[in-house]
Amino acid sequence: MEEFQCPIFHPEKCTNENNITGAMLRDLTRDRLIGMGIGELDDQLKILDSIRKLWETQGKVFNDPIHGHIELHPLLVKIIDTPQFQRLRYLKQLGGAYYVYPGASHNRFEHSIGVGHLAGQLAEALRTRQPELLITARDILCVQIAGLCHDLGHGPFSHMFDNIFIAKTRPEKKWEHEEASCDMFDHLVKRNKLEPVMRKYDLKLPEDLIFIKEMIAGPLKPNTAEGQWPYEGRPEDKSFLYDIVANKRNGIDVDKFDYFARDCYHLGMQNNFDHGRFIKFARVCEVDGLKQICTRDKEQDNMYEMFHTRMCLHRRAYQHKVNKIIETMITEAFLKADKHILIEGSGGKMFTLSTAIDDMEAYTKLTDHVFEKILNSSDKTLAEARDILQRIVSRNFYKFLGEIEKPTEVCTTNVITINNWKKELAQALPERNGALTPEDFEVLFITLNYGKKDKDPIKDLHFYSKYDTTKAFKMKVSRFRPMRFYEQSIRFYCKKTDDSTLVADQRCFDEWCTGKRFSKVSGRVEDGDQN
């Protein structure tokens, strides 16, 4: 072990006088340091941080295209080197968008490492800037683990599996990938016997495990009485720590910081939001009795760019008209294959695609590879699913007929109205060999917003000024901001339309829209592959 160097602490003199052996250095507390005559808070934190570094072995350095060289704590490396985390290498970050944007080949693996890195950067910046917050090395390590593990629960093709496939196969189950991330994290820790390693790095169990899961998914006991602190992992005076990884309050968190930068990079788009600048200006202020992360008043434009970037990514990539129908086709294939693909889980029990979320041993084996498994199978029971995926790899997608503004009286759950539209379209489109049926149409609801539905997200943010860094306040929104922050539309696709009949079918669709008095959405310039 290298020689301990600290300008305000002489271990040989102090430890001898206070009967502290080398092994006891790891357990030094602020109270013990005060008893040793070290009364300044800043000095105490420097000493504890120096001692922590003494007991850490060297971590690893990752060369990331977005953040450069990232050095990670050895416990984070232990987590990364587990099968449960390595699974993220085989989950596309943007699902079906890879079939539209050839550069969108990145995976949840590198995104998760980036979030863990940024979580540590933000927490460390707050600790350096505001030592009175008493952020400990243990706090920072927990925040980094939460950032690293926040996406463990995603399924094949990410949000397609979480938001569409599971919703259709198991509508009675209110399930989100954050819940699965917590389950997978528990499984990862238990399966790889990481509790002793966590204790070695001074984490307190189970308290810190609860804290990590709360940062990922929110309060684990949501039915807390009104006004009562809902979290168990950390007390109210550290409420700001829950803002870092998955901010449930205003949506500003390091998860977005990473995927904005990473997705724009791989999509070939411009990212106008500077997350490094946010970290530089972040401070903790008290708002309504709780401490939360705020930023400088002059950063209002930078924060607006963050929400605007989110909306642009949804419009140009995540909800691209070709991407959405590809994910719809993959979902349809998975639905047809669901009962015919079996995955072995705990105790040898077998699970299907839709039930694998109930067993983390089985879920660990469920990745994007299921696409190739279906595509390359000769099993007759998978024939229908295989034909749909064959259309995707052959670029024979369901064809886009058009898009209308969503009528105010129509909701996404209005199945009767949607089925009536499909029947009308089957009659409205030209006759061909084999009449069209309602099942030959797909109707997709599209929602675009700035992250707060129809509200201006800037109105919910708190800022501070250089004249008083402790007082948080809301700012008046500039008149140059957009007047609308929310848009809904409905897209129509036909499964049996081909290139030779598409123009005629779109013309008939336009006439149908005119007869229904629907307002068509004007054509947008779309990036990526136009097929």
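Quick notes on the rules
Residues numbered from 1 in each chain as written. Predicted model: local features only at pLDDT ≥ 70, side-chain atom pairs only at ≥ 80, totals over all residues. Heavy atoms only, no water. Phe/Tyr/Trp six-rings, centres within 6.5 Å; stacked < 30°, edge-to-face > 60°. Helix = DSSP H or I, 4+ residues; strand = E, 2+ residues; numbered from the N terminus. Buried < 20%, exposed > 50% of the residue type's maximum accessible area, 1.4 Å probe, protein only. pLDDT = per-residue confidence, 0-100. Contact = heavy atoms within 4.5 Å. Disulfide = S-S within 2.5 Å.

Quick look at the packing of aromatic side chains now. Under the criterion given, the structure shown has 27 aromatic pairs. Considering the side-chain rings of Phe-157 and Phe-371, the 5.8 Å spacing of their centres and the 55 degrees angle between planes classify their relative orientation as tilted. Of this pair, Phe-157 sits in the loop between helix 7 (137-149) and helix 8 (159-169) while Phe-371 is found in helix 17 (residues 369-375), placing the two residues 214 residues apart along the sequence. As far as burial versus exposure is concerned, Phe-157 and Phe-371 are alike and both buried. By way of ring pairs, the aromatic residues Tyr-98, Tyr-99, Phe-157, Phe-161, Phe-165, Trp-175, Phe-334, Tyr-363 and Phe-371 are connected into one cluster.

So, about the confidence of the model for the chain. Chain-level statistics for the chain give a pLDDT mean of 89 and a share of 90% at 70 or above. For the stretch residues 1-5, pLDDT sits under 50, and the model shows 8 contacts to residues farther than four places along the chain or on other chains. When the criterion is pLDDT under 50, residues 524-531 qualifies, and its contacts beyond four places in sequence or with other chains add up to 27 contacts.

All right, on to the state of the cysteines then. On inspection of all chains with the given rule, the structure shows 0 disulfides. Free of any disulfide, Cys-142 has its nearest cysteine sulfur in Cys-149, 11 Å distant. You can call Cys-142 buried: its relative accessible area is 0%. For Cys-149, which is in no disulfide, the shortest distance to another cysteine sulfur is to Cys-182 and amounts to 9.9 Å. A relative accessible area of 0% places Cys-149 in the buried class.

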